[in-house]
Amino acid sequence: MPNEQRAFSFDIDARIPGHLGRAGTIHTPHGDIHTPTFITVGTRGFVRYVSNPDMRNIHAQAMLSNAYHLRNTCTEIAQAGGLAAWSGWSGPTVTDSGGFQVMSLGSGLGKVVSMDREKEVVNTDKKERLALVTEEAVHFHDPFTDQDDAIGPEESMQIQCAIGADIHMAFDELTSLADTYEYNQEALARTERWALRSLAEHRRHCMDLGYYQALYGVLQGGRWEDLRRSTAKKYAQMDFDGYGLGGAFLKEDLGEILSWCCEELPEKKPRHLLGLSRPDDILIGVEQGADTFDCVAPTREARHGRIYTLDGYYNVGKCAGSTELLDAGCDCPTCQAGWTRGQLRDLLKSPNRDDHEIYFNLASVHNLRFIIRLTEQARQAILDGCYEEFKEQFLKRYYHL
């Protein structure tokens, strides 16, 4: 499709000297996204316990929703004019392909694990898996509907184009840390074929709702440099609007793996690091060329009592009677309203469900604002030419180095 019809583009505003990272602006039909930034996860078209006004108050720029969970609602969303209108969020939106969710019904392993956990990683026995990968699609048994179903590249593109987010992800196969190099070769070749099928189907439907919907190719390749670089070179020749950086690998390998990918990808297209939100992951990701990030951790951990601060995190359940703010100097609505650690602890421990929902809102707003503010500060540091100093100072304080 000619560029003039796309209404999607990426400008680089500043670079990190000596590194692959940059600050930029992604232009979408529903507004601009200033990068680097964290994209909040609204799995079913809304962020749990966080309202759209809350989203604006914490300076969220975009929302990522899940094609797998919205696939049975996509016709209704299309009739409403797309995800931005249907959700009431109205700003830029992103959808993932649904591939991670259906793959998780197979081996069930996460994207990044520690070295200690790797020693224990094994795939689920094939007889017990709820998902089966074939050349055509991923066939799975839906635990929510108790029905057999399948999603392949074409189905994923049709679902995402009906949902109508500004940015979509191509359908890919996520391997696990327990998979061999040989299986990663096989899966990567399949993912590359799926990428071409995703592009072809996306072209047929990307204007169905009256505005251009962009498509990112998702890079896999595990922890192997030759696989990562070869697939990045191939994707660079395909007509993607940007790139999703995914896969299962060790946390300590993140920076190196990102450099292998980003060194081969076109500089003038945006890159999204899938499913990570730890401060060190974000700051390493920014340095090595990732522009946007998403993860469910900030809100999920908030609901379990983990509160983020500049000095690391703590368990609010252990803060009985504390009159301290959640994080001194924090500009989130929760801290600005004067809520204390002790008050949030009482809400969390209350037998009243309404108190729990108040707590979930207050804690989620705080954690999301913390991560969004981190990316805002990272962007400003790039613009000011002092990113490396900012990164070193932030991580030294947060991790008590």
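Now for a look at the structure at hand. Numbering of residues starts from 1 in every chain and runs along the sequence as written. It should be noted that, the model being predicted, local features are given only for residues of pLDDT at least 70 and side-chain atom pairs only at 80 or more, the latter also being counted only at that level, while totals for whole chains, interfaces and linings use all residues. The side-chain values count all of the structure's non-hydrogen atoms but skip hydrogen atoms and water molecules.

## Some points on the sheet that holds strand 3 (residues 31-35)
Link 1 in the chain: Paired strands, as defined in this entry, are two strands with at least two bridges between them according to DSSP. For helices the rule is a DSSP run of H or I covering at least 4 residues; for strands it is a run of E covering at least 2, with both sets numbered from the N terminus onward. The antiparallel open sheet is built from three strands, whose spatial order is 1-2-3. Each edge of the sheet is formed by a strand with only one pairing partner; in this case those strands are strand 1 (9-15) and strand 3. For this sheet, the mean inter-axis angle between neighbouring strands, taken without regard to orientation, is 15 degrees.
Link 2 in the chain: As defined by bridge partners, strand 2 (residues 22-28) adjoins strand 3 across five bridges and the pair is classed as antiparallel. Counterpart to Thr25 in the pairing with strand 3 is His34.
Link 3 in the chain: In this fold helix 15 (residues 353-384) packs onto strand 1, strand 2 and strand 3, with an angle of close to 115 degrees to the strand it touches most, strand 2. Interaxial angles span 0 to 180 degrees and are taken between N-to-C directions of axes, which are lines fitted to C-alpha atoms, for helices over the stretch in contact. Any pair of residues with heavy atoms lying within 4.5 Å of one another is described as a contacting pair.

## Details of unusual backbone geometry
The bulk of non-glycine residues show a negative phi, and the bulk of peptide bonds are trans.
Link 1 in the chain: Cis geometry marks the peptide bond from Thr35 to Pro36; its omega dihedral reads 0 degrees.
Link 2 in the chain: Structurally, the position occupied by Pro36 is in the loop between strand 3 and strand 4 (37-41).
Link 3 in the chain: Despite not being glycine, Tyr49 has its phi angle at roughly 65 degrees, a positive value.
Link 4 in the chain: The backbone phi angle of His400 is positive, close to 55 degrees, even though this residue is not glycine.
Link 5 in the chain: Note on placement: His400 falls in the segment after helix 16 (387-398).

## Some details on the sheet that holds strand 10 (residues 147-151)
Link 1 in the chain: Strands sit in the order 8-9-10 across an open sheet of three strands; the sheet is antiparallel. Across the chains shown, the open sheet's two edge strands, defined by having one partner strand only, are strand 8 (131-133) and strand 10. With direction set aside, neighbouring strand axes in the sheet form an average angle of 20 degrees.

## Section: helix 14 (residues 341-349)
Link 1 in the chain: For helix 14, the set of buried residues is Arg341, Gly342, Leu344, Leu347 and Leu348.
Link 2 in the chain: Elements that come into contact with the buried residues of helix 14 comprise helix 12 (297-303), strand 18 (312-315) and helix 15. Working definition: with a 1.4 Å probe on protein chains only, accessible area under 20% of the residue-type maximum means buried, over 50% means exposed, and in between means partly exposed.

## Considering the packing of helix 11 (residues 279-287) against helix 15
Link 1 in the chain: Running from N to C, helix 11 and helix 15 cross one another at 30 degrees; their axes reach a closest spacing of 11 Å. On the basis of their axis angle, the class for helix 11 and helix 15 is roughly parallel. In terms of crossing hand, the pair formed by helix 11 and helix 15 is right-handed. For the pair helix 11 and helix 15, contact is made by Pro279, Ile282, Leu283 and Val286 and by Phe370, Ile371, Leu374, Thr375, Ala378 and Ile382, respectively. Put simply, angles under 35 degrees are roughly parallel, angles over 145 are roughly antiparallel, angles from 65 to 115 are roughly perpendicular, and the rest are oblique. Note: crossing handedness is left-handed where the near helix turns anticlockwise from the far helix by less than a right angle, and right-handed where it turns clockwise.

## Quick word on the pattern of salt bridges
Where side chains of opposite charge bring their charged atoms close, a pairing between them can arise.
Link 1 in the chain: Within this document, salt bridges are pairs made up of a side-chain nitrogen of Lys or Arg and a carboxyl oxygen of Asp or Glu, the two lying within 4 Å of each other. Within the structure shown, the criterion is met by 25 salt bridges.
Link 2 in the chain: One salt bridge connects Arg229 with Glu263, and the closest N-O pair in it is separated by 2.7 Å. Linking Arg229 in helix 9 (residues 225-236) with Glu263 in helix 10 (residues 254-264), this pair joins segments that are 34 residues apart in sequence.
Link 3 in the chain: The class for Arg229 is buried, based on a relative accessible area of 18%.
Link 4 in the chain: A relative accessible area of 45% places Glu263 in the partly exposed class.
Link 5 in the chain: Residues joined in a network through salt bridges with shared partners are Glu225, Arg229, Glu263 and Glu264.

These results come straight from atomic positions and should not be treated as a statement about function.
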